Amino acid sequence: MTKDIIAFLKQHFSDIEKHTPYAKERLEAFLNLGPLHYFIPKSLGGRFQGALSYLNTIETTSYYSLPLGLTLGITGSLFLSPMSRHAAPELRDSVLKNFVDTPTLGGMMITEPAGGTDVFGLTTHYETNGDKLRLSGSKCWGGLTGLADHWLVGARAKRGDRLTKKLNLLYVPLCAPGVKVETYFDALGLQPIPYGRTQYDQVEIPETHILASEGMSGLRLLNDTLFRSRLGMPAIASGHCKRMADVASQRVNDRHVFGKALIEYDQVQYRIETLRGMAALNHALWQYTGKWMDDHADISSHYTLVNAAKLVCSETIQAASDSAVQLFASAAFKRNHIAGRAYVDSRPFPIFEGSNDVLDENLYDTVVSRHGQCNCVTVNQEFSQFGLSLPGRTPQSVLDLLDKRTVESQRDKVLQGRMLAWLFVGALHDQTAPHESEHFAQGQQLAIRRVAELAAQAPYLG
Ligand SMILES: Cc1cc2nc3c(=O)[nH]c(=O)nc-3n(C[C@H](O)[C@H](O)[C@H](O)COP(=O)(O)OP(=O)(O)OC[C@H]3O[C@@H](n4cnc5c(N)ncnc54)[C@H](O)[C@@H]3O)c2cc1C
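A. A look at the packing of helix α6 (residues 218-254) against helix α8 (residues 303-328). Following both chains from N to C, one finds α6 and α8 inclined at 20°, their axes separated by 8 Å at the closest point. Put simply, α6 runs roughly parallel to α8. As for how α6 packs across α8, the hand of that crossing is left-handed. Within the contact of α6 with α8, the residues separate by chemical class into 19 nonpolar, four polar and three charged.

Structural data, given as structure tokens:
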């Protein structure tokens with residue numbers, strides 16, 4: 001990553017008491033330094049050198065500012081990557097050039113007022129008329145609503161009066177006639193990223209604006225895109241958790257209570273170690289997922305890796321923010337404080353990109369549907385596809401739960417799915433991160449502790 005990007009972040013986001021939402025001018029100045037170029041192929045003027053290079057940029061940016069890191073994730077993973085991989089060459093080249101030359105943004109709109117989790121319930125649709133499409137519908141919660149000029153919109157094909165199951169991503173510029181941002185939401189957090197509701201009223205676009213790839217249905221293309229975005233989220237989590245650990249460490253070293261520095265208290269040390277462990281786990285995760293994405297052309301069926309990565313990284317983004325607030329205590333309970341802001345800004349991570357409750361169950365169901373049941377043998381079989389096996393230090397209570405508990409209710413599946421996610425990430429960290437890497441032991445300890453904690457809940461689910 002370029003030195004001027006790092007210098008900019010340091011200059012504007014070092015002061016922990018100045019985390020009020022930044023203005024559009026600051027965002028544009030940052031974009032002018034080219035952080036999004038890491039998503040754009042070199043042949044089109046970008047700096048793409050594989051997923052690890054853009055994830056590195058996202059990690060560093062998120063260290064300084066969670067909303068800014070998420071902005072890169074939205075535009076990069078949800079717009080530039082799919083455009084680069086699946087758009088027709090003439091469309092791709094002209095749109096991506098715009099990102100090389102100007103400080104512009106992109107995003108994706110899937111969610112609708114009637115719901116986001118169920119993609120088959122979407123009603124936004126397009127009708128084909130010769131080589132033109134007409135798009136109609138209403139979308140909400142698209143990150144960067146009204147601010148981003150370029151959009152990928154999820155829509156179903158309509159034939160006559162019938163909404164088919166055919167689902168595609170359509171490129172639609174914000175300036176197209178018939179596109180209107182109807183309202184902006186007074187969002188609880190992430191203020192620099194506008195959210196709202198956008199109406200598409202008979203928007204006419206060329207047929208070539210449908211993203212397509214040989215041998216891939218629109219649904220698979222959408223899943224592949226969303227899954228890649230989820231595999232990028234640990235880079236946001238890694239940067240964010242490391243910042244929370246660094247600022248909290250400084251605070252507990254400087255502050256004295258009952259005549260000694262806070263860091264001298266065992267419970268305070270435990271919190272700091274846990275924060276370090278969260279950063280270490282997420283760092284190992286994106287190092288792995290970045291390489292995985294480069295090595296696989298279609299990841300639309302890699303549920304175990306994708307769900308585990310998204311579940312653990314979003315949980316830790318939130319838990320790290322919460323723990324930092326506890327350590328700063330009253331000092332953090334301010335809108336402009338980095339930890340206070342993070343406490344609110346981190347909340348949607350377990351909601352967007354697939355609600356965690358749903359991904360938990362889906363992870364459990366993936367193992368059962370592939371291997372007939374979920375026990376230690378089949379979990380090892382599933383993990384082995386990723387070159388992993390159950391961690392050697394897995395508590396006996398967890399092994400017993402996998403082998404002996406009959407899973408009947410959805411809440412049971414959700415609990416076991418979440419436990420599988422942590423087992424998977426624990427295994428990945430133990431078996432792929434260098435043992436001498438920073439805070440390796442804290443990452444290992446955290447994963448095992450979380451797994452044991454989840455297993456202990458099983459008898460009491462009601
Ligand atoms: C800050 C923020 C940013 C966002 N960014 C984007 C974006 O850029 N683009 C975009 O398209 N959307 C975006 N979204 C929307 C987000 O993806 C949706 O909120 C999410 O998919 C959930 O949909 P929903 O809110 O309609 O919840 P619902 O679908 O109503 O689900 C609500 C809850 O019900 C439960 N639930 C749902 N289904 C099941 C089930 N099968 N089993 C058990 N429990 C279930 C879960 O607890 C779930 O969280 C964003 C949302 C937020 C808050």
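B. Quick peek at the site of the ligand. Around the ligand, a shell composed of 19 residues is seen, among which Ile110, Gly116, Thr117, Gly143 and Ser355 lie nearest. No other element matches strand β1 (residues 106-109), which puts three residues into the shell around the ligand. Counted by class, the shell around the ligand contains 10 nonpolar, eight polar and one charged residues.

C. View of the domain arrangement of the chain. Assigned domains within the chain: domain 1 (3-104), domain 2 (108-215) and domain 3 (219-460). Between the C-alpha centres of domain 1 and domain 3 the distance comes to 25 Å. Residue contributions to the side of domain 1 that touches domain 3 peak at 10 residues, all from helix α4 (residues 66-86).

D. Spatial organisation of the packing of helix α3 (residues 51-64) against α6. Between α3 and α6, whose axes approach to 7 Å, the crossing angle comes to 35°. Where α3 crosses over α6, the two elements pack in a sense that is right-handed. Along its contact with α3, which presents Leu55, Ile58, Glu59, Thr60, Thr61, Ser62 and Tyr63, the element α6 presents Gly232, Ala235, Ile236, Ser238, Gly239, His240, Lys242 and Arg243.

E. Representation of the nonpolar core within the structure. Judged by nonpolar contacts, the single largest core of 132 residues is most densely connected at Leu170 and Ala324. Among the elements that line this core, the one with the most residues is α6, at 15 residues. Those residues in contact with leucine 170, other than ones at most four positions away along the chain, are Tyr126, Leu133, Leu135, Leu152, Val153, Ala155, Ile205, His209 and Ile210.

F. Highlighting unusual backbone geometry. Look at leucine 190: it is not a glycine, yet its phi comes out positive at around 50°. What makes leucine 190 buried here is the crowd of 21 C-beta atoms within 10 Å. Residues other than glycine seldom take positive phi values, yet glutamate 353 does so here, at roughly 60°. Looking at the element boundaries, glutamate 353 is found in the loop between α9 (338-345) and α10 (356-371). For glutamate 353, a count of 22 C-beta atoms within 10 Å translates into the label buried.

Cut-offs used in this document
Residues numbered from 1 in each chain as written. Predicted model: local features only at pLDDT ≥ 70, side-chain atom pairs only at ≥ 80, totals over all residues. Axes fitted to C-alpha atoms, helices over the stretch in contact; angles between N-to-C directions. Helix = DSSP H or I, 4+ residues; strand = E, 2+ residues; numbered from the N terminus. Parallel < 35°, antiparallel > 145°, perpendicular 65-115°, else oblique. Left-handed = near helix turned anticlockwise from the far one by under 90°. Nonpolar A, V, L, I, M, F, W, Y, C, P; charged D, E, K, R; others polar. Near = placed C-beta within 6 Å. Domains from an automatic or database assignment. Contact = placed C-beta atoms within 7 Å. Core = buried A, V, L, I, M, F, W, Y, C linked by C-beta atoms within 7 Å. Buried ≥ 20, exposed ≤ 12 C-beta atoms within 10 Å, placed from the backbone.

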